[in-house]
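Residues per chain are reported as follows:
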Number of protein chains: 2
Amino acid sequence: LLFEVRYSDLAGRIGKITTPSGTFETPAFIPVIHPVSQSVDINFFKKLGFEAVITNAYITLKQCGDLAREKGIHKIINFDGPIMTDSGGYQVLEYGSIEPEPSYIAQFENDIKSDICVPLDKPTGYGLRYDVAERYVNETIKNSQETLNLIKSNNDRNSVWVGPVQGAEHLDLVKRSAGQLDEMGYDMLALGSPVQLLESYEFAILADMIAALKSKVMSKPLHLFGAGHPLTIPLAVALGCDTFDSASYILYARDNRYMHANGTSRLDKLSYLACQCPICINMTVKEFIQLEYKERIDKLAKHNLYVLRGEVLSVKQAIMEGRLWEYVGQKARAHPKLMEAFKLFLNYKYLEDGTPVFKKKAIFFMETIDQYRPEASRIRKIFDSFRTNKKKIILFPDTQVSPFYSSHEYHKLSSKFSDYQICAYNPFIGIIPAEISDIYPAAHNLISKRKLNVNSAKDYPTFVSSFEKFLSHSYFDDVIVVADEFMQGIVHQTNLEFKNLRIIEYSDDVIEQI
Amino acid sequence: LLFEVRYSDLAGRIGKITTPSGTFETPAFIPVIHPVSQSVDINFFKKLGFEAVITNAYITLKQCGDLAREKGIHKIINFDGPIMTDSGGYQVLEYGSIEPEPSYIAQFENDIKSDICVPLDKPTGYGLRYDVAERYVNETIKNSQETLNLIKSNNDRNSVWVGPVQGAEHLDLVKRSAGQLDEMGYDMLALGSPVQLLESYEFAILADMIAALKSKVMSKPLHLFGAGHPLTIPLAVALGCDTFDSASYILYARDNRYMHANGTSRLDKLSYLACQCPICINMTVKEFIQLEYKERIDKLAKHNLYVLRGEVLSVKQAIMEGRLWEYVGQKARAHPKLMEAFKLFLNYKYLEDGTPVFKKKAIFFMETIDQYRPEASRIRKIFDSFRTNKKKIILFPDTQVSPFYSSHEYHKLSSKFSDYQICAYNPFIGIIPAEISDIYPAAHNLISKRKLNVNSAKDYPTFVSSFEKFLSHSYFDDVIVVADEFMQGIVHQTNLEFKNLRIIEYSDDVIEQI
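Residues numbered from 1 in each chain as written. Chains lettered and ligands numbered in written order. Predicted model: local features only at pLDDT ≥ 70, side-chain atom pairs only at ≥ 80, totals over all residues. Heavy atoms only, no water.

What about the overall build of chain A?
The criterion, for reference: The helix count covers DSSP runs of H or I at least four residues long, the strand count covers runs of E at least two residues long, and both are numbered beginning at the N terminus. Residue burial is assigned from relative accessible area. The probe radius is 1.4 Å, only protein chains are included, and a residue is buried under 20% of its type maximum, exposed over 50%, and partly exposed in between. Here, two residues are considered to be in contact whenever any of their heavy atoms come within 4.5 Å of each other. Only the protein chains shown count as covering a residue, and every accessible area follows the Shrake-Rupley method with a 1.4 Å probe. In this charge count, Lys and Arg are treated as positive and Asp and Glu as negative; neither His nor the chain ends contribute. Charge coordinates come from a single atom per side chain, which is NZ of Lys, CZ of Arg, CG of Asp or CD of Glu.
On a plain count of helices and strands, chain A comes out with 21 helices and 20 strands. Its C-alpha atoms put chain A at 90 × 55 × 40 Å along the principal axes. For chain A, the residues scored as buried account for 63% of the 514 residues in total. Long-range pairs, those at least 24 residues apart, make up 69% of the contacts in chain A with a sequence separation of at least 6. Of the roughly 19700 Å² that chain A leaves accessible, carbon and sulfur atoms contribute 49%. Once the 58 positive and 63 negative side-chain charges of chain A are each reduced to a mean point, those two points are 2 Å apart.

Structure, rendered in structure tokens:
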């Protein structure tokens, strides 16, 4: 089995990819290694637990082609774990004079014993006109088919071949090329070069690109090219990227950019090093700046690698805890443009597929966007299909004690209103029939109680819809709504037409007073 | 000068406290050291950069009173920097058989050469009946007066004496005792024992307590007792606590609790150690758990200290960058009960005092609560006082280019509507007169563009008020509102009565079409 998934949350997956040089755990950050002039020592990557690295086939070919063919890429860069090779499509496009043949590059990747190989692609970057992007996509597809024809008879090492998905912000191109590469038989896909997108913090476009791809190809492992900004990692993993590569650690270091959990800062603009890594723990900002140039770059690159390592581990821990939504939502507050991407999550129905039906920990409901989390959407569907024969209904605010049916309030209600359908309501979940109020997460959530303003029906469209559906699915001739502040806002803005409708303001002894 | 403030944001301050044994920078986490059976080696604290420590006068008196008097507390715990002594009021209350005399404890603190001393107080904890809490407060005040009488003639070392503020959730008691201790002449105040509050995550009550105290005593340095939970630190600093002590690092370690940026987890519930500290960097969870008991506690305590160190440094860096609001807002997403506390910030007008009038970095506007950040409240007041003689006004959405008056759109508007008062509008700031659209932060903010739903007037009360005030302060007989989606929601829910009112839907070429 090439790709084994052990656990998931949203579309993030803890998995394992098997290659000829061994397996590695995903999600994985795959650092870029220069085949000839690598700056940070390769052993440092091993020490930090990076299980796989990536290098550039085109640059290897240009700078030490014969040697690489003879010794293999593992000896060239001195790494015995899984090595991925990028075809170098980007370098060809940017600096190449003559375009190499796709089959020539593919044969070379095969010859140097790369474990994870990419056919020669034509990156669409960002901002290309549709027709140009389409041409690039078609060329990439053609190359990929030729490559597949070549290696089908030629892949005795069982290397992983990765289909390069291009199309950039033209989402139909992304979808089409993902679909075609999938059908061709690629075991893994890679989404092309969002470097320019990420440099301008266009996280929302990146999110839509990943979601477009996943809507076509859900289960195969997915690589994201050039994603080395700390803010990209939680977003990309949550949307379903399993691996991502970047040289950001060294490129940023050369540019004096210091990574941290919320992005990057210029080293000389910092007042404190709020980092516990072995590089920073014994240094002040001043001491760091005053290091001799080469040592400073090396140390800054290493610090950056510690941050990337930490970010990946944090995301993995969040997946294992079932708190990836919380983690990405928190990260989103690092930048308004990351928040824009997070707000798109409500459109991505596929996030429900990877989210466990039951989690060990309670989930958090804090802001209106949380009504769209997969656990809430899923339980609303269950509650929507609930039917009762009772002709009367009473709605009551969800209780502190959960499940609702075990609360003091429920027991009082059920003895006083024995012929009523009794339901709780929760702004983020909707109407909760008492009988099934123990389904996850109806009894397993924590809510921020204080509201900023009295929220309106506009802010909770999922609630309004759940409310209206519930009341219309069965025939009720008697409706009692015990309305807290939230529900009062809802009923004033909803059309409720019932013969006997009573709306009663919530208070501590409201049950006695009805 | 006892307390020097170098920089501030919200009520958080980068400052320096001077004591007989030297100065230390604030905000500072002051770790609790046991005078006799300290577990983690004192040199470790120095190595990590903790500049001050705290120990317990009552326990010192009980366990090595004479030796401490003879050698001084610095030799006893082997620390030559500033040492704070808690009087031990809590221990007396919990375990003491006979209540010691306040003057006896004060004299002892003086004799052992403590640098920062606390009179014997009677902690109110949390959940006491009002009359009991009041009695405790009165007793604490009485003790504090007696202590002051004693040390006035007796403080040749110039130790810092700290007035213990009690009262817990009874905010008027907090206010009263803060005011009285301030008037008595205490140089520094300390807010009593929120340990129980914090154990039940009642961050909102803690926030109200700190705000109540600060409303009486703003500038003197403030200590918070027993605040060693990672989530408490950003909140407490933002609200104006300069120092805080705790033994949490070791207490949690003994309880197998592993600290991280979002709280604590049981070590055996973790799958990954997402931490770069020297303890965790070379270990897996499994290896950590399998350590021999004493070594595991020691390593876990040290890891916890690294996390606390990191949290304080992150908060300090946020203050220096003017991003403390962003930092606390992000932290708030770690738990619904922390979010409740953050939502109270809009009530705390004093946060404006410490927030710089100009910041180097743009501020972020992402969610409705951000309309209440001090920079926004402050500029709304300026704009509210703006008057024009023009009889006509046109309102236009704020532009990407800032300040508004340098935008393309403004130039087109001003040539077409030369006798109009031209204004931009921004959901978080309000109405922005073009003439002064360069005032911070009108031209220095980043907004999350995509809205979840079309927000209603209810969600932006500050905007509605700014809008109504602006239009009523001057006499306009011609009003044009170029309304984007946000503004359309506002105008539909606001009463606008003007002779000539035109509401025009925003589009890219709207100026040509008016």
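From this point, the narrative continues.
A few points about helix α7 (residues 171-184) of chain B
Residue and element names in this part refer to chain B. Note the cut-off: How far a helix is expected to stretch is found by multiplying one less than its residue total by 1.5 Å.
Its 14 residues give α7 an end-to-end C-alpha distance of 20 Å, which sits within 8% of 20 Å, the value for a rise of 1.5 Å per residue. Residues of α7 that are buried make contact with α6 (130-152), β8 (160-165), β9 (188-191) and α9 (203-216). At the C-terminal side of α7, G185 shows a positive phi close to 115 degrees.

Focus on the confidence of the model for chain A
Under the convention used in this document: What pLDDT reports is the predictor's confidence in each residue, on a scale of 0 through 100.
Taken residue by residue, chain A gives an average pLDDT of 94. The fraction at 70 or more is 98%. In the predicted assembly, ipTM is 0.95 and pTM is 0.96.

Side note on the interface of chain A and chain B
As a reminder of what qualifies: In what follows, salt bridge is the name for a side-chain nitrogen of Lys or Arg lying within 4 Å of a carboxyl oxygen of Asp or Glu. Under the rule applied, a polar contact is a pair of N or O atoms within 3.5 Å (in protein, one hydrogen donor and one hydrogen acceptor; residues adjacent in sequence only if both atoms are side-chain atoms). By the convention adopted, Pro, Cys, Tyr, Trp, Phe, Met, Ile, Leu, Val and Ala count as nonpolar, Lys, Arg, Asp and Glu as charged, and the other residues, Gly among them, as polar.
The interface of chain A with chain B comprises 61 residues on the first partner and 61 residues on the second. Put simply, chain A and chain B have four salt bridges between them. Note that B:R333 is salt-bridged to A:E367, the shortest N-O span being 3.1 Å. At the surface where chain A touches chain B, the tally comes to 19 residue pairs in polar contact (both at pLDDT 80 or more). Here the residues of the side of chain A that touches chain B are counted per class, giving 28 nonpolar, 16 polar and 17 charged.

Observations regarding the sheet that holds strand β3 (residues 22-26) of chain B
Residues and elements named next belong to chain B. Threshold: A pair of strands is considered paired only if DSSP assigns at least 2 bridges between the two. An axis is simply a line fitted to the C-alpha atoms; with a helix, the fit covers only the stretch in contact. Between two such axes, the angle follows the N-to-C directions and lies from 0 to 180 degrees.
Taken together, the three strands give an open sheet; going across it, the order is β1-β2-β3, and neighbouring strands pair in antiparallel fashion. The outermost strands of the open sheet, each flanked by one partner alone, are β1 (3-9) and β3. With direction set aside, neighbouring strand axes in the sheet form an average angle of 10 degrees. In terms of strand pairing, β1 meets strand β2 (residues 12-19) through six bridges, oriented antiparallel. Its bridge partner lying in β2, V5 is registered against G15.

A look at the relation of the copies chain A and chain B
Relating the two copies of this chain is a rotation about some axis coupled with a shift parallel to it. The line we're drawing: The copies were overlaid by least squares, fitting only the C-alpha atoms of residues that reach a pLDDT of 70 or more in each copy.
Superposing chain A onto chain B requires a rotation of 180 degrees together with a translation of 0.0 Å along the rotation axis, leaving an RMSD of 0.0 Å. When the rotation and shift are considered jointly, the pair of chain copies conforms to a two-fold rotation axis. Looking at the interface residues of chain A, 100% of them are also at the interface in chain B, so both copies use one shared face.

Quick look at the packing of aromatic side chains
Just so we agree on the cut-off: Geometry of aromatic contacts follows a simple scheme: Phe, Tyr and Trp rings, the Trp one being its six-membered ring, pair when their centres are within 6.5 Å, and the pair is stacked under 30 degrees between planes, edge-to-face over 60, tilted otherwise. Sitting over a ring, as applied to charges here, requires NZ of Lys or CZ of Arg to be within 6 Å of the ring centre and within 35 degrees of the ring normal.
Tallied over the entire structure, the rule returns 44 aromatic pairs over all chains. Residues B:F358 and B:Y440 carry aromatic rings whose centres are separated by 5.1 Å and whose planes lie at 65 degrees to one another, so their mutual orientation is edge-to-face. With a gap of 82 residues between them, B:F358 in the loop between α16 (351-354) and β14 (363-365) and B:Y440 in the loop between β17 (430-433) and β18 (445-447) connect regions that are remote in the sequence. Given a relative accessible area of 52%, B:F358 falls into the exposed group. Ring pairs connect the aromatic residues A:F365, A:Y425, A:F428, A:Y460, A:F463, A:F467 and A:F486, which therefore count as one cluster. The side chain of A:K122 reaches across the aromatic face of A:Y136, ending 5.1 Å from its centre. Sitting over the face of the ring of A:F44, A:K302 holds its NZ or CZ atom 5.1 Å from the ring centroid.

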